[in-house]
Amino acid sequence: MDTVRPVDSGSGSADLHAGMGTACPANDTASEPALRHNKAFRRLLYGYGISVFGDCFNGIAISLWVLQTTGSAKSMAAVQICNMAVSFVFGSLAGTLADRFDRRTLMLSSDLFRAFMAATIAVSLFVLHAPFPLLLLMLGLSMFSSLFQAPAFYASVSRLVGKPHLQQATGAIHLVDNIARISGLAAAGAAVALIGGFYAILVTASTFLISAVCVAAAGRFPSVERTTTAKTTFVQEWRGSFAYLFSQPLVRAIVVLQPILLLFFMSAMMLVQVMAVKVWQANPVQFGLIETCIPLGYMLGSAGLMAMAGRMKHRGRWIFVGLLLLGPLYAALSYITSPYWALPLIVAGGAMFACCTMLPQIMVRAEVPDELQGRVYGVMGTLTSTAPIIGLSVVSVWADRYGAPVVLEGLGALLLLTAFVMAVAMKPIRAYK
């Protein structure tokens, strides 16, 4: 089967703005430098990993402050709802701006503003003893700023590395992300205990500043290639991004697939945590191993996909292979009686999840016009940040009522059914080579 490519919108392309029906692929010449020699990409990747690492300090310190100050689970939920609401309302708008303005400038501005907000939060909470509503406002501003960094970074990758290196670059991003989160969470807990929340949040501020230095050191990004010189307004491009998503079967399928996959995955992992405590009666060491196996499996899956770059065929089919295997794996976990027997299944689930998430990212970078990638990532970010919260809310209620094993088994069966339906219905992904 031929590789699926974005469908030309025909005579209606003017309504979609900026030639949205025709793909403008990134440089796909063999002369693009290998990733290890691509200084711009490496420096951006370093900055991204450092900022993810530092953000873990912020999350741990603020969570502890909220619990110690208010003692309320509702307050913790309010923090999550605040972040979700900002992402839902402004995610697509931030993605549109990432396509209209210089992406490097947006990333620099986002890192600098986030560093300022982190320092402000530290002083406000631990020196001025600010009230909880003010914390929500500051977190909302910080979250708003981060919405510009992500689509600008992701949308820049294809032009920085060239089409031949997209799979390796995407794998490298996922590896660095998971390594930074694992090490960041481990270090953040120790740092908050040793130096306190004030200095832990200042560590976050410093990592955002280092990230900004890395972005500046990366130099100028390759210019965005546009298919038309027609001038359009911000509102026209924002509306046009949704028109593009609905008009392109491949992109539309990916935008639907990713939130659904995250909803199932996050819900299943939460149920595994509940089972570890209530069913398997895992001790702290065993619980830590379970937590480590989730990103470890993802890292192994990412490394495997990187190793197969250039030799992997029928990428779309591999997505559904991983998706079809996840359902039975979750159902099998519901019957496990020992945490040690669960470890290999959790690692395998992480590897399959990597296959299901990395490959669609490669498709987006390869097939979506460069001038539209920011908008696509903005909309995807909005949906993927909202769907897991909804899933966790529903599944947590069911787990309390029926028990985690029963709900996990049902979730696995539902995912298997959903995977079959999507494998049949999402032909553009299935046919992608």
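Each chain carries its own residue numbering, running from 1 in the written order of its sequence. Only residues with pLDDT of at least 70 get local features here, since the model is predicted, and only at 80 or more are side-chain atom pairs given and counted; chain-wide, interface and lining totals rely on the full set of residues. The basis for every side-chain value is the complete set of non-hydrogen atoms in the structure, without hydrogens or water.

**Student:** Account for the pattern of salt bridges, naming residues and giving values.
**Tutor:** Salt bridge criterion: a side-chain nitrogen from Lys or Arg within 4 Å of a carboxyl oxygen from Asp or Glu. Tallying each qualifying case throughout the model produces two salt bridges. Linking Arg114 and Asp111 is a salt bridge whose minimum nitrogen-to-oxygen distance equals 2.8 Å. Taken together, the residues span about one helical turn, with Arg114 and Asp111 both in helix 4 (residues 103–126) at a distance of three residues. Judged on exposure class, the residue Arg114 and its partner Asp111 are both buried. Helix numbers and strand numbers start at the N terminus; a helix is a DSSP run of H or I with at least 4 residues, a strand a run of E with at least 2. Exposed residues in this analysis have more than 50% of their type's maximum accessible area, buried residues have under 20%, and partly exposed residues fall in between, with area computed by a 1.4 Å probe over protein chains only.

**Student:** Hey, could you go over helix 11 (residues 315–333) for me, with residue numbers and the actual values?
**Tutor:** One fewer than the residue count of a helix, multiplied by 1.5 Å, yields its expected span. Helix length check: helix 11 (19 residues) gives 27 Å between terminal C-alpha atoms against 27 Å at 1.5 Å per residue, within 8%. Residues of helix 11 that are buried: Arg315, Gly316, Ile319, Phe320, Gly322, Leu323, Leu326, Gly327, Leu329, Tyr330, Ala331 and Leu333. A contact between two residues is defined here by any heavy atoms of the two lying within 4.5 Å. In this structure, the buried residues of helix 11 make contact with helix 6 (166–195), helix 9 (249–278), helix 12 (339–367), helix 14 (404–425) and helix 15 (427–430).

**Student:** Explain the nonpolar core to me, and be specific about the residues and the numbers.
**Tutor:** Soluble, globular proteins show a tendency: their nonpolar side chains are buried together. In plain words, nonpolar cores are sets of buried Ala, Val, Leu, Ile, Met, Phe, Trp, Tyr and Cys residues tied together by side-chain atoms within 4.5 Å. Residues Leu271, Leu323, Tyr330, Leu333, Leu408 and Ile429 are the most contacted members of the largest nonpolar core, which totals 96 residues. No other element matches helix 9, which puts 17 residues into this core. Apart from residues lying up to four places away in sequence, Leu271 is in contact with Val395, Ala399, Ala404, Val407, Leu408 and Leu411.

**Student:** Can you tell me about unusual backbone geometry, naming the residues and giving the values?
**Tutor:** Even without being a glycine, His129 presents a positive backbone phi close to 55°. As for its position among the elements, His129 is in the loop between helix 4 and helix 5 (132–161).

**Student:** Report on the environment of Ser334, specifying residues and quantitative values.
**Tutor:** Looking at the element boundaries, Ser334 is found in the loop between helix 11 and helix 12. Taking the relative accessible area as the measure of exposure, Ser334 reaches 10% and is therefore buried. Excluding residues that lie within four positions of it along the chain, Ser334 makes contacts with Met275, Pro405, Leu408 and Glu409. Within the structure, the side chain of Ser334 is placed 2.5 Å from the backbone oxygen of Ala331, a separation counted as a polar contact. Pairs of N or O atoms are called polar contacts if they sit within 3.5 Å, as long as, within protein, a hydrogen donor faces a hydrogen acceptor (for residues adjacent in sequence, only side-chain-to-side-chain pairs).

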